[in-house]
Amino acid sequence: FCTIRIDMADIASKPDLKLQLLECLKCVNLDASNTVASAASAENNADDDVAAGNVSLVNVEQQYKDEILMEEQAMIKRLYQWIEQQGKPALERADALQLQCDGYLDEINNYKSQVATLQDELSKLNAEQQTVQSRNTDLIARNTELQETLQQMATARSHHVQQEVQQQAEQQTDRIKAYESTIQRLTQQVSE
């Protein structure tokens, strides 16, 4: 609130006091028509009383206090209306938004929990994949070794079989030669 000290001498000697009072009332956002009317009425009453010489300082102060009380009552009434019309709905809206925000925070925490669970599962799957890949690499290496061993065995067997076949062929060739030589000898003996 703006405060102005009012002396009886000021009311009589300063006509701009009315303007100062009006400016003060405007600074507290009072209803312009009520303020102007009450201030004009107070000034008119004060001017009439000063002119008549009947006004005492107590009456002016009492009127001023009454005026302030009425203005404060009007301000309180407007504030109460504002609280009812705007303040309470705003608080209710804020509470609703807070509940909604809390719900979103719960959802976010649930999603974070799900993400953590999925990350754990993914880590386990990656570990299993690495284990399987390591086993696969070991199996491929072992398979390669076995194929080389089989190839070596096949080559050795093939070589061994060839040697056996060659030996048997040589043995049969030797037998055939021995038979031929025996046949020739017998043929010569018979022809002799």
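Attention shifts here to the overall build of the protein. When helices and strands are tallied, the protein shows four helices and zero strands. Traced from its N-terminal end to its C-terminal end, the protein shows the element sequence α-α-α-α. Every one of the 192 residues in the protein was classed for burial, and the buried ones make up 11%. Looking at the protein alone, contacts between residues at least 24 apart form 60% of all its contacts between residues at least 6 apart. With an accessible surface of roughly 16100 Å², the protein has 54% of that area assigned to carbon and sulfur atoms.

We now examine the confidence of the model for the protein. Averaged over all residues, the pLDDT of the protein is 76; the fraction at 70 or higher stands at 69%. For residues 28–37, every residue scores under 50 in pLDDT, and the model assigns this stretch 14 contacts once sequence neighbours within four places are set aside. Within the model, pLDDT remains below 50 along residues 49–55, and this stretch shows eight contacts once partners closer than five positions in the same chain are excluded.

A word on a nonpolar patch on the surface. A grouping of Y104, L105 and I108 is seen on the molecular surface, where their side chains present a nonpolar patch of about 290 Å² in accessible area. Inspection of the secondary structure assignment puts I108 in helix α4 (residues 57–191). On the basis of relative accessible area, I108 is assigned to the partly exposed category, the value being 40%.

Reading the values: the criteria
- Residues numbered from 1 in each chain as written.
- Predicted model: local features only at pLDDT ≥ 70, side-chain atom pairs only at ≥ 80, totals over all residues.
- Heavy atoms only, no water.
- Helix = DSSP H or I, 4+ residues; strand = E, 2+ residues; numbered from the N terminus.
- Buried < 20%, exposed > 50% of the residue type's maximum accessible area, 1.4 Å probe, protein only.
- Contact = heavy atoms within 4.5 Å.
- Areas by Shrake-Rupley, 256 points an atom, 1.4 Å probe, with all protein chains shown as cover.
- pLDDT = per-residue confidence, 0-100.
- Patch = residues over 30% accessible without salt bridge, like charges linked within 9 Å, V, L, I, M, F, W, Y side chains within 5 Å.
- Salt bridge = Lys/Arg side-chain N within 4 Å of Asp/Glu carboxyl O.

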